[in-house]
Amino acid sequence: MRWFLVIAAVALAVAGRASAELVAHVPDGMIAVTPSGTPLVGFVRGQQLVIARRAGRQRWTQQAARVPRGSRLAAFTAGVAGPVAVVIGPGDRTLIVLRRLSNRWQKTVLTARLGADVSVGWPGLTVTRGGLPVVAYTHWFLRSLYSQLFLAKIDARGKAHTQRVTAGGWPKSYTPPPAAPVVVANGSVHVVETYGVSGAVGTIEWIPRGRTWIGLYLSAGRGGFPIGPMFAAPARGGVVYAAWTEEFPGSLYGGFPVTLARHGREIREDVVSERGVTTGLAMTRNGPAVAANEWVSANNLSFSLNEPDAVWAGTVTGRGGSELDGRLAGLAAVPRTGAQDLLLSRPDGLSWFRSRGVLPIHVSLNAEARADGTIALSGRVQGARGGRVTIYREHSKTRRETAAIARLAAGGIFTLVDTPRAGPTFYRAVYTDPVTGIPYAKLLRDPVG
């Protein structure tokens, strides 16, 4: 135990001295933290699954495994036995688990050769206390909208022991239901699944009972269908948290509310973002933190998640959360510390950041169009001790221009007047923390001018 504590302390010291590091020139990926505190970033590049491990300041080593072209990384984590990734193959009809051992890759195929009518829902991943992978996933049938939920436990030899959680095609869903496993305090595995069909949405926690499963609704109501992954995490006292996004056409929440549900002695659900796509759930010393990406778009009425003109704002909800400059690809809590690791997708690629605890800085921004065509901008960087804030005119997720750089006055206040060349314009204020390098920001959700 003494040697383990020494190794963990060294790893945390190496990872904690600096932040704001470019990991790879790729647009998307996922983050995980080892039990000793070392950050890992996983991503797919061409026909390779790459796992990058931080080896020191501005140094990342990479290990790669071959995957079919057109694959995408769907889930990523790390346990005492090493990092684990779940990859969805081309056409969403294959599912592969890749586990990095000391000097080799262990590959487990969960689904292969599915029919043209069948696809895989977004899978969820966790590891047992011994570091062995546990994967929850669904098969979804396009013509009938039926679904089947599965739970796969993978042993040390790489063999999958698969259980069918639901049968008979229930629940139906307009989109493949995402699912996530969670290991609770007694060591058993629960599965959380969300679906939507015929104007009704529901999120169910499946609990094993002998040779069968019982379902407990965490959320239900009128709506559309799930978007993106499902996340689940255990907390003290046997509490289970779950976070996800659903599409609600014509809702008060702008169409894509992010929900955080809690199941302890009672069930509670809260909308933590009125319009966003969920990308992570971390249990921190301040409670659950949800990573979600909110957006603005020139045409919000016909928005799609792949729209090139969308401008993204990464947000971390919960106590100690904040808004960030860029799309938040992932969030992870650092074990036995109050630190959090952030993975931001920016125009130059994926960048890693480590906070020292809560995210203590919050940026506000206000804009007012004047009759002479200028825009009066004002705001505050709460928690900053001097420095400067940069104001951008945002045009798309890959193109923006600097409007001005303003020095912060007493109390973090700033003011300026901008003359845009064209309107309407989305504005964003960005303050970079000189200690951690984290780019705190505020993106206005409505255009000005």
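In this text, all values refer to a predicted model and were calculated from it rather than measured experimentally.

Student: Mind showing me how you'd approach the packing of aromatic side chains here?
Tutor: Geometry of an aromatic ring pair is reported as the spacing of the ring centres plus the angle between the planes. Counted according to the given criterion, the structure contains six aromatic pairs. For the pair Phe 256 and Trp 295, a centre-to-centre distance of 5.1 Å together with 75 degrees between the ring planes defines the contact as edge-to-face. Of this pair, Phe 256 sits in the loop between strand 20 (240-247) and strand 21 (258-263) while Trp 295 sits in strand 24 (residues 287-296), placing them 39 residues apart in sequence. For the pair shown, Phe 256 and Trp 295 are each scored as buried. A network of ring pairs unites the aromatic residues Trp 170, Tyr 195 and Trp 206 as a single cluster. Here the basic side chain of Arg 72 rests over the ring of Trp 122, its NZ or CZ set 5.2 Å away from the ring centre. We note Arg 400 situated over the ring of Tyr 392; from NZ or CZ to the ring centre the distance is 3.7 Å.

Student: Please clarify how the pattern of salt bridges should be interpreted in this entry.
Tutor: Between side chains of opposite charge, a pair can form when the charged atoms approach closely. What the rule picks out here adds up to 18 salt bridges. Across the pair Arg 445 and Glu 323 runs a salt bridge whose closest N-O atoms are separated by 3.2 Å. Of the two residues, Arg 445 is situated in the segment after strand 36 (439-443) and Glu 323 in strand 26 (residues 322-325); the sequence distance between them amounts to 122 residues. Accessibility expressed as a relative area gives 10% for Glu 323, which makes it buried. Taking the shortest distance from any N to any O, the salt bridge between Glu 401 and Arg 393 comes out at 3.0 Å.

Student: So what exactly am I meant to see when it comes to the pairing of strand 18 (residues 212-222) here?
Tutor: Two faces make up the sheet, and in a regular strand the side chains alternate between them. Where strand 17 (residues 200-209) and strand 18 come together, 10 bridges link them in antiparallel fashion. Pairing of Ile 204 across the sheet is with Tyr 217, part of strand 18.

Student: Would you explain the environment of Ala 116 in this entry?
Tutor: Within the element layout of this structure, Ala 116 appears in the loop between strand 9 (105-111) and strand 10 (118-120). Here Ala 116 falls in the exposed class, since its relative accessible area comes to 70%.

Student: What should I look at first to understand the pairing of strand 28 (residues 340-346) in this one?
Tutor: With respect to burial, strand 28 is a largely interior element, six of its seven residues being buried. The pairing of strand 27 (residues 327-333) with strand 28 spans six bridges and is antiparallel. By the bridge assignment for strand 28, Gly 330 is matched with Leu 343. The loop that links strand 27 with its antiparallel partner strand 28 comprises six residues; one of these, Arg 336, has a positive phi angle of about 60 degrees. Pairing of strand 28 with strand 29 (residues 349-354), which is carried by six bridges, proceeds in the antiparallel orientation. The residue of strand 29 that forms the bridge with Leu 344 is Ser 351. Taking the residues that link successive antiparallel strands as the turn, the strand 28-strand 29 hairpin has two residues.

Student: When you look at the nonpolar core in this model, what are you seeing that I'm missing?
Tutor: The tendency in soluble globular proteins is for nonpolar side chains to be buried side by side. Leu 342, Val 381, Ile 391, Phe 414 and Tyr 427 are the most contacted members of the largest nonpolar core, which totals 32 residues. Excluding residues within four positions of it along the chain, Leu 342 makes contact with Ile 31, Val 316, Leu 324, Leu 328, Gly 330, Leu 331, Ser 351, Trp 352, Phe 353, Leu 359 and Ile 438. Counting 18 residues, the second largest nonpolar core, distinct from the first, contains Ala 75, Val 118, Val 120 and Leu 125.

Student: How should the sheet that holds strand 1 (residues 21-24) be read in this particular structure?
Tutor: In a beta sheet, neighbouring strands are held together by backbone hydrogen bonds and run either parallel or antiparallel to one another. The strand order across the open sheet formed by four strands is 1-29-28-27, and the pairing between neighbours is antiparallel. The open sheet is flanked by strand 1 and strand 27, the only strands paired with a single partner. In this sheet, neighbouring strand axes are inclined to one another by 25 degrees on average, regardless of whether the strands run parallel or antiparallel.

Student: How should the environment of Asn 293 be read in this particular structure?
Tutor: Structurally, the position occupied by Asn 293 is in strand 24. Sequence spacing of Asn 293 and Arg 54 is 239 residues, and the spatial spacing of their C-alpha atoms is 25 Å. Once residues lying within four places of it in the same chain are set aside, the contact partners of Asn 293 are Arg 275, Gly 276, Val 277, Thr 279, Trp 312, Ala 313, Gly 314, Gly 326, Arg 327 and Leu 328. Polar side-chain contacts of Asn 293 include one of 2.6 Å to the backbone nitrogen of Leu 328.

Student: Is there a simple way to explain the sheet that holds strand 2 (residues 30-33) in this structure?
Tutor: Read across the sheet, four strands follow the order 2-3-4-5 without closing on themselves; strand pairing throughout is antiparallel. Because the sheet does not close on itself, it has two edges, and the strands there are strand 2 and strand 5 (59-66). Each strand axis lies, on average, 25 degrees off the axis of its neighbour in the sheet, ignoring direction. The pairing of strand 4 (residues 48-56) with strand 5 spans eight bridges and is classified as antiparallel. By the bridge assignment, Gly 56 is partnered in strand 5 with Arg 59.

Parameters and conventions
- Residues numbered from 1 in each chain as written.
- Predicted model: local features only at pLDDT ≥ 70, side-chain atom pairs only at ≥ 80, totals over all residues.
- Heavy atoms only, no water.
- Phe/Tyr/Trp six-rings, centres within 6.5 Å; stacked < 30°, edge-to-face > 60°.
- Helix = DSSP H or I, 4+ residues; strand = E, 2+ residues; numbered from the N terminus.
- Buried < 20%, exposed > 50% of the residue type's maximum accessible area, 1.4 Å probe, protein only.
- Lys NZ or Arg CZ within 6 Å of the ring centre and 35° of its normal.
- Salt bridge = Lys/Arg side-chain N within 4 Å of Asp/Glu carboxyl O.
- Pairing = 2+ DSSP bridges.
- Core = buried A, V, L, I, M, F, W, Y, C linked by side-chain atoms within 4.5 Å.
- Contact = heavy atoms within 4.5 Å.
- Axes fitted to C-alpha atoms, helices over the stretch in contact; angles between N-to-C directions.
- Polar contact = N/O pair within 3.5 Å; in protein donor to acceptor, adjacent residues only side chain to side chain.

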